[in-house]
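# A look at the structure
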Amino acid sequence: DPANNIDDRIATVAGIIPDALGEITISLTATDRNNRHAICLGAMQMDEIPEQAPIVFLEEPTDQTVVEYRPATFQVEVDSTPPYTVQWFQDGEAIPDANEFTYTIDIVTPDLDGAVFSVTVSNLLYSATSGAAVLTVAPDVSAPILLTVRSTNGYTIELAFDELLDSDTVGAVDNYVVNEGAVTVNSAELDEDGRTVILMLSERLNAAFDVSVAGVQDMAGNPLAAGAAAAGQVLPEVLLFDFGSGGTPTTDDPNNTWNNITESVGASDSGQLLNLMTTDGRTTDIDLVMLIHFNGANQSGTLEFDRFPTDATRDSLFGNTETFSGRSDVFPSFKLTGLDPLLTYVFTFYASRMGIRDNRETGYTLTGANSGFAALDVAANIEKVVTAAGIEPDAGGEITISLAPTANNNNAYHFTYLGVMKVEPTPESAGD
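Bear in mind that the values here come from a model prediction, so they are computed numbers and not experimental data.

### So, the sheet that holds strand β12 (residues 156–161)
With antiparallel pairing, four strands are arranged side by side in an open sheet as β11-β12-β15-β14. In the strand order of this sheet, the two ends are held by β11 (146–150) and β14 (185–190), each with one partner. Pairwise comparison of adjacent strand axes, ignoring direction, gives a mean angle of 20° for this sheet. Examined bridge by bridge, β11 and β12 share four bridges and lie antiparallel to one another. The residue of β12 that forms the bridge with threonine 148 is alanine 160.

Printed below as a string of structure tokens:
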């Protein structure tokens, strides 16, 4: 239908074979839905298709028995000539958006018992339909199991279960007892995955804790076994960053995982490093996003500071005010996103530029819901670090870090540097 069509609708006919004279005739006519009887043709593209082979199934969907509220997956494999068009069917009806060689039902509900699944695979000339597979849904008679508990900030606890839970039974705070009732649970919510319960606490935990749970049911109505409990440890998300030409590998620091902000990331206004890693190797939802680039990398740092590995201290990324390497007014800036708005953070900065005598003091300004500042003269620096404490993320969980020369910086180019940055939640005692 060309009415009001801009660029999202085309019509395709495949597999047309010329007659013995090498001719194909194209005719236009109004369809039954055409209420103005005007017909149009604006463009036509004709492609020769490669020789097509019939569709042969190497693997077809098989019958499955799945416990209710668990996932089920059907898959096929064919041998033929691509490109392929795939369509899955349930009881003879096409399933919307089921167009891959694998089809997964995330949650098998009881009403799917006895459902029949098949798939049609086509190329540009041939089409074939697989055999049918019957899905049998078995009742769930097993109680849910509490697998683990953990906390990364002390204010919330995540309880992981082995199956989907009934959301109506999750929200009652009386179902959860933390540290034998010494810590009050303010709220309980079911996470999007359906298997994780998040508890919000009245006060911050700072060490080991235990949780007991009762009254929670799975989606089939099976209650959690009596006496379900688990112990956990508050594991704060501590992050280490190496800014420089290379990075800090595990071989250089086997005790810590580093996030390496290399020159290719830092020298771009759009550079980013996603899903940052904690020092103990856990993946987070925290990202580093460049806002204003660094100029490049300097590799004249110290190798004598034993607090950080040499791969981290020997180089740094730099900015500059006056023109250097074709760039001027380089005031590097980046932000951390995905931080916990419930926490405040301590930032530690380090950089080293050996073999010089002028002052190259760099100011680090941090901006979130509040702000902070620290300054470090990196000239001939071996072991000096500076910190900015009590920095709060904004409502979106972001803190911006900006570099600029201080008034003490008397270098002709007003170089600024960043080699190492450590980010950690403010310890509970320091936050009280």
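Next, the rest of the story.
### A word on the side chain of threonine 169
You can see threonine 169 is positioned in the loop between β12 and β13 (176–178). For threonine 169, the side chain forms a polar contact with the main-chain oxygen of aspartate 166, separated by 2.9 Å. Among the polar contacts made by the side chain of threonine 169, one reaches the main-chain amide nitrogen of glutamine 217 at a distance of 3.0 Å. Apart from the residues lying within four places of it in its own chain, the contact partners of threonine 169 are Asn175, Gly215, Val216 and Gln217.

### Here we look at the packing of aromatic side chains
Using the criterion set out here, one finds 19 aromatic pairs in the structure. Measuring from ring centre to ring centre gives 6.2 Å for phenylalanine 415 and tyrosine 417, while their planes differ by 55°; the resulting arrangement is tilted. Site record: aromatic cluster; members linked through ring pairs are Phe318, Phe324, Tyr413, Phe415 and Tyr417.

### What about the sheet that holds strand β31 (residues 420–425)?
Spatial strand order, β19-β18-β31-β25-β28: five strands in an open sheet with mixed pairing. Bordering the open sheet on either side are β19 (259–261) and β28 (386–391), each of which pairs with just one other strand. The average undirected angle you get between the axes of adjacent strands in this sheet is 20°. The sheet contact formed by strand β18 (residues 239–243) and β31 spans four bridges and is antiparallel. In the strand pairing of β31, aspartate 242 is matched with valine 420.

### Description of the environment of valine 234
Locating valine 234 in the fold gives a position in the loop between β17 (228–233) and β18. Those residues in contact with valine 234, other than ones at most four positions away along the chain, are Ser151, Asn153, Gly154, Leu205, Asn206, Ala207 and Phe209.

### Focus on the environment of tryptophan 258
Among the structural elements, tryptophan 258 can be located in the loop between β18 and β19. Look at tryptophan 258 and you get buried, because its relative accessible area is 7%. Those residues in contact with tryptophan 258 that sit more than four places away from it in its chain are Leu240, Phe241, Asp242, Thr248, Asp253, Phe308, Pro309, Ala312 and Val420. Side chain to side chain, tryptophan 258 and aspartate 253 meet in a polar contact 2.8 Å long.

### Concerning the side chain of threonine 416
Within the element layout of this structure, threonine 416 appears in strand β30 (residues 416–418). Judged by its relative accessible area of 1%, threonine 416 is buried. Aside from chain neighbours lying at most four places away, what touches threonine 416 is Leu317, Phe318, Gly319, Asn320, Pro332, Thr362, Leu403, Ala404 and Pro405.

### Description of the pattern of salt bridges
All chains considered together, the criterion is met by nine salt bridges. As a salt-bridge pair, arginine 314 and aspartate 315 come within 3.7 Å of each other at their nearest N and O atoms. A relative accessible area of 2% places aspartate 315 in the buried class. Salt bridges sharing partners connect three or more residues here, namely Arg70, Asp140 and Glu163.

### What about unusual backbone geometry?
Put simply, proline 82 and proline 83 share a cis peptide bond, and its omega is 10°. With respect to the helices and strands, proline 83 occurs in the loop between β4 (77–79) and β5 (85–90). Even without glycine at this site, asparagine 4 takes up a positive phi of about 55°. Note on placement: asparagine 4 falls in the segment before β1 (56–59).

### Here we look at the nonpolar core
With 36 residues, the main nonpolar core has Phe241, Phe243, Phe334, Leu336 and Phe347 as its most contacted residues. Leave out the neighbours within four places in its chain, and phenylalanine 334 touches Phe243, Leu288, Val289, Met290, Leu291, Phe294, Ile399, Thr400, Ile401, Leu403, Leu418 and Met421. Core analysis: the next-biggest nonpolar cluster, separate from the first, contains 24 residues, Val178, Val185, Val197 and Val211 among them.

### Quick notes on a nonpolar patch on the surface
On the surface, a nonpolar cluster with roughly 800 Å² of combined accessible area is contributed by Val13, Ile16, Ile24, Ile26, Leu28, Ile39, Leu41 and Met44. Along the chain, isoleucine 24 falls in the segment before β1. Under the relative-accessibility criterion, isoleucine 24 is labelled partly exposed at 36%.

Cut-offs applied
- Residues numbered from 1 in each chain as written.
- Predicted model: local features only at pLDDT ≥ 70, side-chain atom pairs only at ≥ 80, totals over all residues.
- Heavy atoms only, no water.
- Pairing = 2+ DSSP bridges.
- Helix = DSSP H or I, 4+ residues; strand = E, 2+ residues; numbered from the N terminus.
- Axes fitted to C-alpha atoms, helices over the stretch in contact; angles between N-to-C directions.
- Polar contact = N/O pair within 3.5 Å; in protein donor to acceptor, adjacent residues only side chain to side chain.
- Contact = heavy atoms within 4.5 Å.
- Phe/Tyr/Trp six-rings, centres within 6.5 Å; stacked < 30°, edge-to-face > 60°.
- Buried < 20%, exposed > 50% of the residue type's maximum accessible area, 1.4 Å probe, protein only.
- Salt bridge = Lys/Arg side-chain N within 4 Å of Asp/Glu carboxyl O.
- Core = buried A, V, L, I, M, F, W, Y, C linked by side-chain atoms within 4.5 Å.
- Patch = residues over 30% accessible without salt bridge, like charges linked within 9 Å, V, L, I, M, F, W, Y side chains within 5 Å.
- Areas by Shrake-Rupley, 256 points an atom, 1.4 Å probe, with all protein chains shown as cover.

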